[in-house]
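Analysis of the macromolecular model
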Amino acid sequence: MDFYIDIKNIATEELKHVDLDRVNVHCSPPDFEPQRQYYFMAKCRQIVKSESKRLGRPLYACSVTFGCQMNARDSEKLLGILETAGYTVVDSEDADFVIYNTCTVRDNANQRVYGRLGHLGAMKKKDPHKRIALCGCMMQEQCVIEKLQKSYSFVDLIFGTHNLYKFAELLCAMFESDGMLIDIWKDTDAIVEQLPVKRKYSYKSGVNIMFGCNNFCSYCIVPYARGRERSRGAREILREVESLAEDGVKEVMLLGQNVNSYGNGLADGISFAELLREVEKVDGIERIRFMTSHPKDLSDELIGVMKESDKICRHLHLPLQSGSSRILKLMNRRYDKEHYLALALKIRREIPDIAISTDIIIGFPGETAEDVDDTIDVIRRVAFDNAFTFQYSRRTGTPAAAMEQVPPEEVARQFDRVLSAVQETARERAKLLEGQTLPALIEEVNEKDASLVVGRLSNNMIVHLKGTPDMVGTIRPVTLTECRGFYYMGDMEHG
Ligand code: 5AD
Ligand code: SF4
């Protein structure tokens with residue numbers, strides 16, 4: 001082919017329509033984004049193509065996600081870039097290129113990565129052409145990088161949370177370098193838009209509305225791993241939601257570590273509640289969810305917008321962490337037991353059909369059985385519909401790591417008490433909806449029984465019902481015939 005496109009001259013909105021095989025990669029790369037990354041994707045395509053020709057088969061890539069919804073969304077971006085760079089995306093870690101998108105919120109997430117990495121290393125011994133990459137929150141920790149350099153030297157590429165948008169450029173550099181390539185940034189102001197994304201689901205998608213966190217809860221490593229809070233411009237968010245809707249997406253989940261402080265620092269001064277109102281206006285979007293809310297700054301305006309809305313789902317994830325005011329203070333959560341209770345009960349009063357879920361940490365330094373009594377008191381009074389319970393994990397560099405730790409046996413004992421309390425309220429809440437007919441978004445065919453499909457109610461509960469694959473992605477009225485603890489069996493209404 002002798003007709004070359006100079007990517008520098010392509011407008012950002014047009015980039016996704018460009019035939020990358022015709023892009024000139026013999027000139028220098030653009031020094032502005034996202035054109036620069038498209039240049040490197042074009043360059044990768046040539047490398048991948050020639051390797052694929054040599055092997056007589058496509059090159060396969062696989063990404064494994066650890067951790068939260070934010071990471072799941074980041075992985076969709078990684079896969080979008082890999083596919084655009086010429087790889088065929090697969091689920092198997094037997095692939096030519098494997099990337100782990102890591103989490104470090106609790107130590108067990110780190111241990112899982114080391115364990116699986118051991119297996120990958122063994123696979124690479126048999127197939128030296130295999131390339132292994134690591135990215136995400138865990139890579140922002142210096143001690144992790146040192147350990148990888150020392151004991152996992154077979155890893156080809158390591159980058160962090162702030163330079164994920166440079167993945168195509170790093171891939172190219174990896175192909176051209178021998179040994180481990182490491183690129184970790186401490187922080188960034190950059191938010192690069194318009195890179196390719198490969199969505200896992202056709203009918204629902206996460207949408208980042210902000211990055212990082214400024215709260216510095218004393219146990220939490222996220223502000224160190226994800227950096228300072230930065231909100232994405234409302235116009236860019238709405239443009240993304242509109243284009244998702246055009247693509248057939250029915251449900252969006254707005255993502256941020258603390259969505260209630262969305263807009264701080266933005267020139268247009270838009271609040272989260274106002275952003276929700278705008279998202280609600282997008283035709284084709286039928287359901288809106290968001291994660292995560294911090295109880296210290298959840299506004300009455302937000303409760304009002306949720307109450308009036310037909311599209312915002314009847315579900316609020318409101319992390320409690322502890323019900324003890326003393327522990328909350330040590331956690332630097334900036335609310336107390338009374339504030340949380342008053343807020344949760346106000347939400348229940350204003351929006352009676354809402355489900356409230358939460359996160360609870362057990363075994364924070366200095367936590368006593370009496371503190372846990374307070375947590376259980378809040379669980380019973382709010383009657384959580386669902387709760388994620390975590391044993392406290394000591395994270396190097398956080399203030400709580402230096403406090404006196406609770407012995408593991410004591411943590412385990414208190415954990416069991418909290419778990420039974422949340423299971424009890426969750427069961428009671430679930431039972432209340434038995435017999436009702438509610439709209440469910442059909443999400444997938446049941447993995448164990450192909451005659452069943454799995455639906456999700458507005459309140460985030462799951463219902464299994466007879467159905468067929470063509471129903472996936474549609475919203476149907478389903479009668480909840482039987483409550484089985486934390487999920488329902490249901491029937492579709494006909495006619
Ligand atoms: N130990 C245990 N759980 C933690 N979380 C965050 N940091 C820690 C830690 N060091 C939990 C919090 C948060 C959720 C995402 O993870 O409950 O809401
Ligand atoms: Fe961590 Fe607290 Fe920020 Fe949540 S709000 S990410 S728990 S520091």
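Residues numbered from 1 in each chain as written. Chains lettered and ligands numbered in written order. Predicted model: local features only at pLDDT ≥ 70, side-chain atom pairs only at ≥ 80, totals over all residues. Heavy atoms only, no water.

1. Considerations on the site of ligand 1
Near ligand 1 the following residues occur: Val 105, Arg 106, Tyr 219, Gln 321, Asp 359, Ile 361, Phe 390, Gln 391, Tyr 392, Ser 393 and Arg 395. Taking Arg 106, its side chain carries an N or O atom lying 2.8 Å from an oxygen atom of ligand 1. Taking Asp 359, its side chain carries an N or O atom lying 2.6 Å from an oxygen atom of ligand 1. Of all the secondary-structure elements, those providing two or more residues to the shell around ligand 1 are β13 (355-362) and β14 (386-391). (Near = heavy atom within 4 Å. Polar contact = N/O pair within 3.5 Å; in protein donor to acceptor, adjacent residues only side chain to side chain. Helix = DSSP H or I, 4+ residues; strand = E, 2+ residues; numbered from the N terminus.)

2. Points about the packing of helix α11 (residues 337-350) against helix α12 (residues 369-382)
Their axes nearest at 10 Å, the elements α11 and α12 cross at an angle of 10°. Overall, the two elements α11 and α12 adopt an arrangement that is roughly parallel. Read as a crossing pair, α11 and α12 show a hand that is right-handed. Residues Lys 337, Tyr 340, Leu 341, Ala 344, Leu 345 and Arg 348 of α11 form the contact with α12, whose own contacting residues are Asp 374, Asp 377, Val 378, Arg 381 and Val 382. (Axes fitted to C-alpha atoms, helices over the stretch in contact; angles between N-to-C directions. Parallel < 35°, antiparallel > 145°, perpendicular 65-115°, else oblique. Left-handed = near helix turned anticlockwise from the far one by under 90°. Contact = heavy atoms within 4.5 Å.)

3. Regarding the sheet that holds strand β7 (residues 204-208)
The pairing of strands in a sheet comes from backbone hydrogen bonds and takes either a parallel or an antiparallel form. Read from one edge of the open sheet, three strands run β7-β10-β11, paired in parallel fashion. The open sheet terminates on both sides in strands that have one partner only, identified here as β7 and β11 (287-291). Going across the sheet, the axis of each strand differs from the next one's by a mean of 25°, ignoring polarity. Taken together, the five bridges between β7 and strand β10 (residues 251-255) define a ladder with parallel strand orientation. Opposite Lys 204, over in β10, you have Glu 251 as the bridge partner. (Pairing = 2+ DSSP bridges.)

4. Here we look at helix α1 (residues 35-55)
The end-to-end C-alpha distance of α1 is 30 Å, a good match for the 30 Å that 21 residues give at a rise of 1.5 Å each. Within the span of α1, buried status applies to Gln 35, Arg 36, Gln 37, Tyr 38, Tyr 39, Phe 40, Met 41, Ala 42, Cys 44, Val 48 and Ser 52. Buried-residue contacts for α1 involve α2 (69-84) and α5 (167-176). Following α1 by one or two positions, Gly 56 adopts a phi angle in the positive range, close to 70°. (Expected span 1.5 Å × (residues − 1). Buried < 20%, exposed > 50% of the residue type's maximum accessible area, 1.4 Å probe, protein only.)

5. As for the environment of Leu 343
In this fold, Leu 343 is placed in helix α11. Sequence spacing of Leu 343 and Lys 296 is 47 residues, and the spatial spacing of their C-alpha atoms is 9.4 Å. With near-sequence residues (within four places) excluded, Leu 343 lies in contact with Pro 295, Leu 298, Ile 303 and Leu 318.

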